[in-house]
Amino acid sequence: MAFSLDQANPYRNPVWSHSCALADLAVRQPVPEGPNAGADWTRQWVAVWESAQGEIVCPVRDLGTFRWSASRPARAFTWRAGQRHRPGLAYMSTTGRLHGFESLAERRLLLALDFVGGVTEVLSQPFTLKFTTRRGTVRHTPDFLALSHETALLIDVRPADLIKPDDMVKFAAAQRAAGAAGWQYVVVGGWHPRLWAALDVLSARRRSMSDPLGLARSSWNGSLMSRSS
């Protein structure tokens, strides 16, 4: 099954849902070079992973060899009255389970990853990066780590009009850390036009729906609330 990003000509440049890349769907936000951290930065910068046994501190130079399967999200997904963001859990057919998100923009990213070919695992809030700048130590928790058999993609999600200068410093550091691990990095700042109309239709059939009450076999006449005369 394929969909097109060209509304005028729907059969031009189709994007196949089982093998597309994130670049086919998302608008990538340019990220500057990382902060100047010195020759020994890969040892001084660390990634803090959460596990059942507590925190595991891993130098950036060893980031690519860390056993991620033992990790938990670096931040909990909490709900409270009056909060401005919209956290929740989203199902992915790629992994067969629910994944946490902290905003509606992040939920859309999880849906899009279900149509990215080669993705085998997705970690929400994978670790907290601690790095140094002229102002001191800074902490940043990337939004997702998408894994495949060949590589990994570290992802931050932020609408382009909401990105601040401090965010760019954190994104630049995350990009440098991902490069040291042999990973790719991207900041998703938006989506290509007319994308979500197609994804919403395709996502509705990602998994088969059960019918334990047998309602699909029932015949309904009139309204749901009917009276016999």
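Residues numbered from 1 in each chain as written. Predicted model: local features only at pLDDT ≥ 70, side-chain atom pairs only at ≥ 80, totals over all residues. Heavy atoms only, no water.

1. Topic: helix H3 (residues 165–180)
Link 1 in the chain: With 16 residues, H3 ought to run about 22 Å at 1.5 Å a step, and its terminal C-alpha atoms sit 23 Å apart, in line with that.
Link 2 in the chain: Downstream of H3 by one or two residues, Gly-182 has phi in the positive range, about 80°. (Helix = DSSP H or I, 4+ residues; strand = E, 2+ residues; numbered from the N terminus. Expected span 1.5 Å × (residues − 1).)

2. Section: the confidence of the model for the chain
Link 1 in the chain: Here the chain averages 81 in pLDDT, while 77% of its residues score no lower than 70.
Link 2 in the chain: Predicted confidence in the chain is weakest over strand S1 (residues 2–4), with a mean pLDDT of 40, and strongest over strand S13 (residues 152–157), with 95.
Link 3 in the chain: Low confidence marks residues 1–11, where pLDDT is under 50. Its contacts with residues over four positions away, or in another chain, come to 26 contacts. (pLDDT = per-residue confidence, 0-100. Contact = heavy atoms within 4.5 Å.)

3. Regarding the nonpolar core
Link 1 in the chain: By size, the foremost hydrophobic cluster in this structure holds 29 residues, and its most contacted members are Trp-49, Phe-127, Leu-145, Leu-154, Trp-183 and Tyr-185.
Link 2 in the chain: Of all the elements in the fold, those that place two or more residues in this core are strand S4 (46–51), strand S10 (128–133), strand S12 (144–148), S13, H3 and strand S14 (184–191).
Link 3 in the chain: By residue number, the principal contributor to this core is H3, which donates seven residues.
Link 4 in the chain: In this structure Trp-49 touches Gly-54, Glu-55, Ile-56, Cys-58, Leu-63, Phe-66, Trp-68, Ser-71, Leu-123, Pro-126, Phe-127 and Leu-145, once residues within four positions along its chain are discounted. (Core = buried A, V, L, I, M, F, W, Y, C linked by side-chain atoms within 4.5 Å. Buried < 20%, exposed > 50% of the residue type's maximum accessible area, 1.4 Å probe, protein only.)

4. Structural notes on the pattern of salt bridges
Link 1 in the chain: One pass over the full model with this rule turns up five salt bridges.
Link 2 in the chain: The partner of Arg-135 in a salt bridge is Asp-166, and the shortest N-O contact between them spans 3.9 Å. On the criterion of sequence distance, the pair formed by Arg-135 in the loop between S10 and strand S11 (136–140) and Asp-166 in helix H3 is long-range, its members being 31 residues apart.
Link 3 in the chain: With a closest N to O distance of 2.9 Å, Arg-158 and Asp-167 form a salt bridge.
Link 4 in the chain: According to the relative accessible area criterion, Asp-167 is buried, its value standing at 12%. (Salt bridge = Lys/Arg side-chain N within 4 Å of Asp/Glu carboxyl O.)

5. Structural notes on the layout of surface pockets
Link 1 in the chain: Taken as a whole, the largest pocket encloses approximately 530 Å³ of empty space.
Link 2 in the chain: Along the walls of the largest pocket sit 21 residues, with Glu-106, Asp-143, Val-157, Arg-158 and Asp-167 positioned nearest its centre.
Link 3 in the chain: The residue makeup of the lining of the largest pocket, split by class, is six nonpolar, five polar and 10 charged.
Link 4 in the chain: Of the pockets and cavities examined, the second largest pocket occupies roughly 430 Å³.
Link 5 in the chain: Lining the second largest pocket are 21 residues; nearest its centre among them are Ala-21, Leu-22, Val-116, Leu-153 and Gln-184.
Link 6 in the chain: When contributions to the lining of the second largest pocket are tallied by element, the ones reaching two or more residues are strand S3 (26–28), S12, S13 and S14.
Link 7 in the chain: In terms of residue class, the lining of the second largest pocket is built from 13 nonpolar, six polar and two charged. (1 Å grid on protein atoms, 1.4 Å probe; cavity = no way out; pocket = protein on both sides within 12 Å on 5 of 7 lines; lining within 4 Å. Points joined across faces, edges and corners; volume = space filled by probe spheres on them. Nonpolar A, V, L, I, M, F, W, Y, C, P; charged D, E, K, R; others polar.)

6. Here's the deal with the sheet that holds strand S9 (residues 119–124)
Link 1 in the chain: Read from one edge to the other, the open sheet built from five strands follows the order S3-S14-S13-S12-S9, with strand pairing classed as mixed. At either margin of the open sheet sits one strand with a lone partner, and together these are S3 and S9. For this sheet, the mean inter-axis angle between neighbouring strands, taken without regard to orientation, is 35°.
Link 2 in the chain: Both S3 and S14 contribute to a ladder of three bridges, which runs antiparallel. Within the sheet, the bridge partner assigned to Ala-26 lies in S14 and is Trp-191.
Link 3 in the chain: Set on the sheet, helix H2 (residues 104–113) makes contact with S9, S12, S13 and S14; between it and S13 the angle comes to about 150°. (Pairing = 2+ DSSP bridges. Axes fitted to C-alpha atoms, helices over the stretch in contact; angles between N-to-C directions.)

7. Side note on the pairing of S9
Link 1 in the chain: Burial within S9 is extensive, with five of its six residues counted as buried.
Link 2 in the chain: Relative to S12, S9 runs antiparallel, the two sharing five bridges. In the strand pairing of S12, Val-119 is matched with Ser-148.

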